[in-house]
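Tertiary structure, described
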Amino acid sequence: LYRRYGLWFRLRKLILWLLGVYIAIPFLVKLCPAIQAKLVFLNFVRVPYFIDLKRPQDQGLNHTCNYYLQPEEDVTIGVWHTVPAALWKNARGKDQLWFEEALGSSHPVILYLHGNAGTRGGDHRVELYKVLSSLGYHVVTFDYRGWGDSIGSPSERGMTYDALHVFDWIKARSGDNPVYIWGHSLGTGVATNLVRRLCERETPPDALILESPFTNIREEARSHPFSIYRYFPGFDWFFLDPITTSGIKFANDENVKHISCSLLILHAEDDPVVPFHLGKKLYNIAATSRSFRDYKVQFVPFHTDLGYRHKYIYRSPELPRILR
């Protein structure tokens, strides 16, 4: 009986401790909004570990060059440029100047904006670069300030400015070649921020591709499967308001009302991170927006049975046809 009582006492103590932590976390987040910002960006999660971002060839990207650009003072971002597979042999042993000049070749360019966590060397991202390269695209991607080996502190404004800087850098070298912008997950928020600015200054890209997009960061946070507090009393006040306080909005639903270029949305029905219904809702907003009345807006769903989830749409054998 003594042993049973001691076990029950320790178990009850553990339950009370866990309950206390569970209740304390919302108050901690409310008092320190920077915590919530860290959870949105997850830039401290560097996956895969122990890779040298200066050596993209270690990830099987033998026709890729690593650059460093400086969007602002005290900010440096790491960039990868993968040339079309048709230029693979010519690219061997070439320096940065050759790669920059290659942007002027008769091949379209895709600026890829990745999601949160990880780096430009993430496994699924590398596989997408390879697919797009095989289809004849230049692929330019980078780590936002605070990600990977890029220097600076992450913020929505900073991420958008980094993307704008890289876009202008590409346009200065690509001549009349088409330039498309591809955003994935959190990168869709950066993409629509960027394209809205480009349209407002009357220099839109040739098309915008959104893979696994959401409507805005508040709806995404409320729908995220890891939001174990979504039914917690005062969830918005404790968790969503601190995100807004940190200047994080990623308002795709508002941005698409000010975008004037062709739009393609790709979303897997079994996406466990960004629910499928948010991508569909964003499409419905864009399809009825007056800004798209002269442009094509297309939504391509991928059935649950395909198992593409949040980041494996690149595996689709239909992707080349869809992009064409």
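Computed from a predicted model, the values in this text were never measured in an experiment.

Thoughts on the sheet that holds strand E8 (residues 297-302)
By definition, the strands of a sheet pair up through backbone hydrogen bonds, in either a parallel or an antiparallel sense. Strand order in the open sheet made by the 8 strands is E1-E2-E4-E3-E5-E6-E7-E8, with mixed pairing throughout. Strands at the two margins of the open sheet, each flanked by one partner only, are strand E1 (64-72) and E8. This sheet shows a mean twist of 20 degrees between the axes of neighbouring strands, independent of strand direction. Of the strand pairs in this sheet, strand E6 (residues 207-211) and strand E7 (residues 262-268) are connected by 5 bridges, and their pairing is parallel.

Some words on empty space enclosed by the protein
All chains considered together, the criterion is met by 1 cavity of 30 Å³ or more. Of the pockets and cavities examined, the largest cavity occupies roughly 60 Å³. Around the largest cavity sit Tyr112, His124, Arg125, Leu128, Trp182, His184, Glu211, Lys311, Ile313, Tyr314 and Leu319, which together line it. For the lining of the largest cavity, the elements supplying multiple residues, two or more each, are helix H5 (123-134) and strand E5 (179-184). Here the element with the most residues in the lining of the largest cavity is H5; it accounts for 3 residues. A class-by-class count of the residues in the lining of the largest cavity yields 6 nonpolar, 2 polar and 3 charged.

Re the pairing of E8
Summarising the sheet, E7 and E8 pair through 6 bridges and their orientation is parallel. Residue pairing across strands places Ala268 opposite Phe302, the latter belonging to E8. The β-α-β motif built from E7, the intervening helix H11 (residues 276-287) and the parallel element E8 has right-handed crossover chirality.

Some thoughts on the environment of Phe292
Residue position: Phe292 is located in the loop between H11 and E8. For the pair Phe292 and Ser262, spaced 30 residues apart in sequence, the C-alpha separation works out to 7.6 Å. Each residue touching Phe292, except ones within four places of it in the same chain, is listed here: Val256, Ile259, Cys261, Leu263, Ala286 and Val297.

With respect to the pairing of strand E2 (residues 75-82)
Here is the key point about a regular strand: its side chains alternate between the two faces of the sheet. Taken across its 8 residues, E2 has 7 buried, putting it largely inside the fold. Here E1 runs beside E2; their pairing, made up of 7 bridges, is antiparallel. In the sheet register, Asn66 faces E2, and the bridge partner there is Trp80. Hairpin connection, E1 to E2: the antiparallel pair is bridged by 2 residues, and Asp74 has positive phi, about 70 degrees. Two elements, E2 and strand E4 (residues 138-142), share 4 bridges in a ladder whose sense is antiparallel. When the sheet's bridge partners are listed, His81 is paired in E4 with Val140.

Focus on the pattern of salt bridges
Applying the stated criterion across every chain, the model contains 13 salt bridges. Between Glu200 and Arg196 there is a salt bridge; the shortest N-O distance is 3.2 Å. Taken together, the residues span about one helical turn, with Glu200 and Arg196 both in helix H7 (residues 186-200) at a distance of 4 residues.

Regarding the packing of aromatic side chains
Under the criterion given, the structure shown has 13 aromatic pairs. A centroid spacing of 5.6 Å and a plane angle of 75 degrees characterise the contact between Phe41 and Trp147, whose relative ring orientation is edge-to-face. Here the residue Phe41 occupies a position in helix H2 (residues 33-41), and Trp147 occupies one in the loop between E4 and helix H6 (156-174), the gap between them amounting to 106 residues. When its relative accessible area of 0% is taken as the criterion, Trp147 is described as buried. Ring geometry for Trp80 against Tyr129: centres 6.5 Å apart, planes inclined by 80 degrees, an arrangement best described as edge-to-face. Of the two residues, Trp80 is situated in strand E2 and Tyr129 in helix H5; the sequence distance between them amounts to 49 residues. Both residues of the pair, Trp80 and Tyr129, count as buried. Lying across the ring of Trp98, Lys94 places its NZ or CZ 5.7 Å from the centre. Directly above the ring of Tyr312 sits Arg315, whose terminal nitrogen or CZ lies 4.1 Å from the centroid.

So, a nonpolar patch on the surface
Among the surface-exposed residues, Trp8, Leu11, Leu14, Ile15, Trp17, Leu18 and Val21 lie close enough to one another that they form a single nonpolar patch of about 710 Å² accessible area. On the secondary structure map, Leu11 appears in helix H1 (residues 2-31).

Some details on the nonpolar core
Membership of the largest hydrophobic core comes to 61 residues, with the highest contact counts inside it found for Phe41, Leu111, Leu113, Phe142, Ile181, Leu208 and Phe250. Ignoring anything within four residues of it in the chain, the contact list for Phe250 reads Phe41, Glu156, Met159, Leu186, Gly189, Val190, Asn193, Phe214, Thr215, Asn216 and Ile217. Residues Tyr129, Ile209, Leu266 and Leu323 belong to the second largest nonpolar core, which totals 25 residues.

Rules behind the numbers
- Residues numbered from 1 in each chain as written.
- Predicted model: local features only at pLDDT ≥ 70, side-chain atom pairs only at ≥ 80, totals over all residues.
- Heavy atoms only, no water.
- Pairing = 2+ DSSP bridges.
- Helix = DSSP H or I, 4+ residues; strand = E, 2+ residues; numbered from the N terminus.
- Axes fitted to C-alpha atoms, helices over the stretch in contact; angles between N-to-C directions.
- 1 Å grid on protein atoms, 1.4 Å probe; cavity = no way out; pocket = protein on both sides within 12 Å on 5 of 7 lines; lining within 4 Å.
- Points joined across faces, edges and corners; volume = space filled by probe spheres on them.
- Nonpolar A, V, L, I, M, F, W, Y, C, P; charged D, E, K, R; others polar.
- Right-handed = clockwise from strand over helix to strand, strands pointing away.
- Contact = heavy atoms within 4.5 Å.
- Buried < 20%, exposed > 50% of the residue type's maximum accessible area, 1.4 Å probe, protein only.
- Salt bridge = Lys/Arg side-chain N within 4 Å of Asp/Glu carboxyl O.
- Phe/Tyr/Trp six-rings, centres within 6.5 Å; stacked < 30°, edge-to-face > 60°.
- Lys NZ or Arg CZ within 6 Å of the ring centre and 35° of its normal.
- Patch = residues over 30% accessible without salt bridge, like charges linked within 9 Å, V, L, I, M, F, W, Y side chains within 5 Å.
- Areas by Shrake-Rupley, 256 points an atom, 1.4 Å probe, with all protein chains shown as cover.
- Core = buried A, V, L, I, M, F, W, Y, C linked by side-chain atoms within 4.5 Å.

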